[in-house]
Amino acid sequence: MLFILLFAACSQKQDTITPPWANPAETADTTEFDLSAIQQAGELIGLTLSGPDTYYMYRGRPLGTQYLLGERFAKEIGVRLRIEVCRDSNELFARLAAGDGDVALLPIDTTSHATPGWTVGDGKPLLAEAIEAWYQPSLLEDVRLEEKQMFAQPLVRRRVYAPMLARGVISHYDSYFRSCAKSIGWDWRLLAAQCYQESTFDPQALSWAGAKGLMQIMPGTADHLGLSREDLTNPQKSIAAAVQYIKELDGELSDVHDHYERQNLVLASYNGGLQHVRDAMRLAERDGHNPHVWEQVKPYVLRLSQLRYYRDTLVHAGYMRGQETVEYVDHIRQRYMKYRKSAR
């Protein structure tokens, strides 16, 4: 009994003693993850919703007013911005309260800690102060103008080539189109028509979104395909990598059995993203249309720029600038018909 009492007393005493080598800040029981911890981790986690004024993906590049503003602030404090897209505001604020993010990049609360209207997670007063010190109303106008100017200019800076070089010759790269198209079962002239739409056969073509070369491959896609970024402007390697990507998309759309329709959906996915196309297919099917027919999916690609559609529970990838994707497929098909008459 005496031993037990002595042991209990020693245990209680030890619980109240902080060893001389310990850092009180390190031993404190706290769940706070404020500014310095965010900077040490190198990442600011922003929670937001999909939409043109918040966040969306465009040809592999993240855009949206709140995203661009958040990206500037993240750069200001020396970290990268990671975005977590939530289904709705209820999920967003529940996740913020649970500590799944640092700040809600959603300008709905103008009385919050943050001047842009962002809501900062609990236990982050220094982060809130940093946002207040950084933000100026002119910043919001700056990012809106930046995005507007992006879409005001041509997507791709390229030279203008004649539709065909000579009778029966579409481009300098016809031999590459012929050899590569065989692996995906495409008419080489359809691949050539796609290349014209991407770059007008300019191997040095550069998109403001970051895509390069004949087939306008994004650096991230090049990494995925094993294409060196130095080879993005190499005509033969660009075409081969694009065909590899087309083959992947073709496999992802293998449930579409009609070859012609699958080609159209692959082209749409190459331009607008597979997940966006799948969203449009689900919406079309829900409304009683055939999700495997491009002409019946196309209206829903366009509608994914409307709030009631891109926030639908069937939609996984959110907002989409669908007009460009629809025009992309249509223009390729039109040019392909001309090539079929002029080249063999």
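Here the structure is shown first, and the text comes after it.
Presented here is an overview of the structure given in this document.

The rules behind these values
Position numbers for residues count from 1 along each chain, tracking the sequence in the order it is written. Local features in a predicted model are, by the rule used here, given only for residues with pLDDT of at least 70; side-chain atom pairs are given and counted only at 80 or more, and totals for whole chains, interfaces and linings are based on all residues. Only heavy atoms go into the side-chain values, all of them from the structure, while hydrogens and water stay out. Helix and strand assignments come from DSSP, with helices taken as H or I runs of at least 4 residues and strands as E runs of at least 2, each series counted from the N terminus. Note on exposure labels: buried denotes an accessible area under 20% of the residue type's maximum, exposed denotes more than 50%, and partly exposed covers the range between, all computed with a 1.4 Å probe on protein chains only. Whether two residues touch is decided by their heavy atoms; if any such pair falls within 4.5 Å, the residues are in contact. Note on areas: these come from Shrake-Rupley sampling with a 1.4 Å probe, and a residue is covered only by the protein chains present in the view. Two strands pair if DSSP finds at least two bridges between them. The axes used here are C-alpha line fits, helices contributing only the stretch in contact, and every angle between their N-to-C directions lies in the interval 0 to 180 degrees. Here is the rule for angles: anything less than 35 degrees is roughly parallel, anything more than 145 is roughly antiparallel, 65 through 115 is roughly perpendicular, and the remaining ranges are oblique. Each helix crossing is assigned a hand: it is left-handed if the near helix lies turned anticlockwise from the far helix by less than a right angle, otherwise right-handed if that turn is clockwise. Three classes are used: nonpolar for Ala, Val, Leu, Ile, Met, Phe, Trp, Tyr, Cys and Pro, charged for Asp, Glu, Lys and Arg, and polar for all others, with Gly counted as polar. In this analysis, the expected span of each helix is defined as 1.5 Å times one less than the number of residues it contains. Two N or O atoms count as a polar contact when they lie within 3.5 Å, although within protein this holds only if one can serve as hydrogen donor and the other as acceptor, and sequence-adjacent residues are included solely when both atoms are side-chain atoms. Two aromatic rings from Phe, Tyr or Trp, using only the six-membered ring of Trp, form a pair when their centres are within 6.5 Å; if the ring planes differ by under 30 degrees the pair is stacked, by over 60 it is edge-to-face, and anything between is tilted. For a ring to carry a charge above it, either NZ of a lysine or CZ of an arginine must fall within 6 Å of the ring centroid while also lying within 35 degrees of the normal to the ring plane. Residues are called lining when one of their atoms sits within 4 Å of a cavity or pocket point, these points coming from a 1 Å grid over the protein atoms alone, where a cavity is a set in which a 1.4 Å probe fits but cannot get out and a pocket is an open set with protein on both sides within 12 Å along at least five of seven lines. Grid points are joined across faces, edges and corners, and a volume is the space filled by probe spheres set on the points. Residues belong to one nonpolar core when they are buried, are Ala, Val, Leu, Ile, Met, Phe, Trp, Tyr or Cys, and are joined through side-chain atoms within 4.5 Å. Under this rule, positive means Lys or Arg and negative means Asp or Glu; His and the chain ends count for nothing. By definition here, a salt bridge exists when the distance from a side-chain nitrogen of Lys or Arg to a carboxyl oxygen of Asp or Glu is within 4 Å.

**Notes on the overall build of the chain**
Next up, step 1: Scanning the chain from terminus to terminus reveals 16 helices and eight strands.
Next up, step 2: In the chain, buried positions account for 47% of the 344 residues.
Next up, step 3: Contacts in the chain between residues far apart in sequence, at least 24 positions, make up 63% of those at least 6 positions apart.
Next up, step 4: Working note: accessible area of the chain is about 18000 Å², and carbon and sulfur atoms make up 51% of it.

**Some thoughts on the sheet that holds strand E1 (residues 43–49)**
Next up, step 1: Spatial strand order, E4-E1-E5-E6: four strands in an open sheet with mixed pairing. The two strands at the open ends of the sheet, each matched to only one other strand, are strand E4 (80–86) and strand E6 (119–120).
Next up, step 2: The pairing of E1 with E4 spans seven bridges and is classified as parallel. Across the sheet, Leu44 pairs through a bridge with Leu81, a residue of E4.
Next up, step 3: Along the sheet face, helix H4 (residues 65–76) touches E1 and E4 and points at about 150 degrees away from the line of E4.

**Let's talk about the packing of H4 against helix H7 (residues 137–152)**
Next up, step 1: Their axes nearest at 9 Å, the elements H4 and H7 cross at an angle of 120 degrees. Judged by the inter-axis angle, H4 sits oblique to H7. Where H4 crosses over H7, the handedness of that crossing is right-handed. Contacts from Thr65, Gln66, Leu68, Leu69 and Arg72 of H4 reach H7 at Leu139, Leu140, Asp142, Val143, Arg144, Glu146 and Glu147.
Next up, step 2: A class-by-class count of the residues in the contact of H4 with H7 yields five nonpolar, two polar and five charged.

**Points about helix H12 (residues 259–272)**
Next up, step 1: A rise of 1.5 Å per residue sets the reference length of H12, with its 14 residues, at 20 Å; its end C-alpha atoms lie 20 Å apart and thus fit the reference within 8%.
Next up, step 2: Buried residues dominate H12, accounting for twelve of its 14 residues.
Next up, step 3: Within the span of H12, buried status applies to Glu261, Arg262, Gln263, Asn264, Leu265, Val266, Leu267, Ala268, Ser269, Tyr270, Asn271 and Gly272.
Next up, step 4: On the buried face of H12, the contacting elements are helix H9 (188–199), helix H11 (235–252), helix H13 (274–286), helix H14 (294–303) and helix H16 (322–342).
Next up, step 5: Backbone nitrogen of Tyr260 and a side-chain oxygen of the N-cap are separated by 3.1 Å at the start of H12; the cap is Asp258.
Next up, step 6: Of the residues flanking the end of H12, it is Gly273, one or two places downstream, whose phi is positive at about 105 degrees.

**So, the packing of aromatic side chains**
Next up, step 1: If you walk through the whole model with that rule in mind, you get 15 aromatic pairs.
Next up, step 2: A centroid spacing of 6.2 Å and a plane angle of 25 degrees characterise the contact between Trp118 and Trp134, whose relative ring orientation is stacked. Of the two residues, Trp118 sits in the loop between strand E5 (103–104) and E6 while Trp134 sits in helix H6 (residues 125–134), which places them 16 residues apart along the sequence.
Next up, step 3: Accessibility expressed as a relative area gives 12% for Trp134, which makes it buried.
Next up, step 4: The ring of Tyr300 has Arg303 sitting right over it, with the charged end atom 4.6 Å from the ring centre.
Next up, step 5: Over the ring of Phe151 we find Arg321, and its NZ or CZ is 3.5 Å from the ring centre.

**Focus on empty space enclosed by the protein**
Next up, step 1: According to the stated counting rule, one finds two cavities of 30 Å³ or more in the structure shown.
Next up, step 2: Of the voids in this model, the largest cavity is the one considered here, and its volume is about 80 Å³.
Next up, step 3: Lining of the largest cavity is provided by Tyr56, Met57, Tyr58, Arg59, Asn271, Gly272, His276, Met320, Arg321, Glu324 and Thr325.
Next up, step 4: For the lining of the largest cavity, the elements supplying multiple residues, two or more each, are strand E2 (56–58), H12 and H16.
Next up, step 5: Per-element tally for the lining of the largest cavity: the top contributor is E2, with three residues.
Next up, step 6: Taken together, the residues of the lining of the largest cavity sort by class into four nonpolar, four polar and three charged.

**A look at the nonpolar core**
Next up, step 1: Grouped together as the largest cluster of nonpolar side chains are 56 residues, with contacts concentrated most on Phe177, Met215, Ile217 and Ile239.
Next up, step 2: At the level of secondary structure, the elements contributing two or more residues to this core comprise helix H8 (174–181), H9, helix H10 (219–225), H11, H12, H13, H14 and H16.
Next up, step 3: Sorting elements by how many residues they give to this core places H9 first, with seven residues.

**Observations regarding the side chain of Asp174**
Next up, step 1: For Asp174, the location among the structural elements is in helix H8.
Next up, step 2: Despite its burial, Asp174 pairs with no opposite charge; the closest candidate is Arg178, at 5.3 Å N-O.
Next up, step 3: Within polar-contact distance, the side chain of Asp174 engages the backbone nitrogen of Ile170 at 2.9 Å.
Next up, step 4: Residues in contact with Asp174, not counting those within four places in the same chain, are Gly168, Val169 and Trp188.

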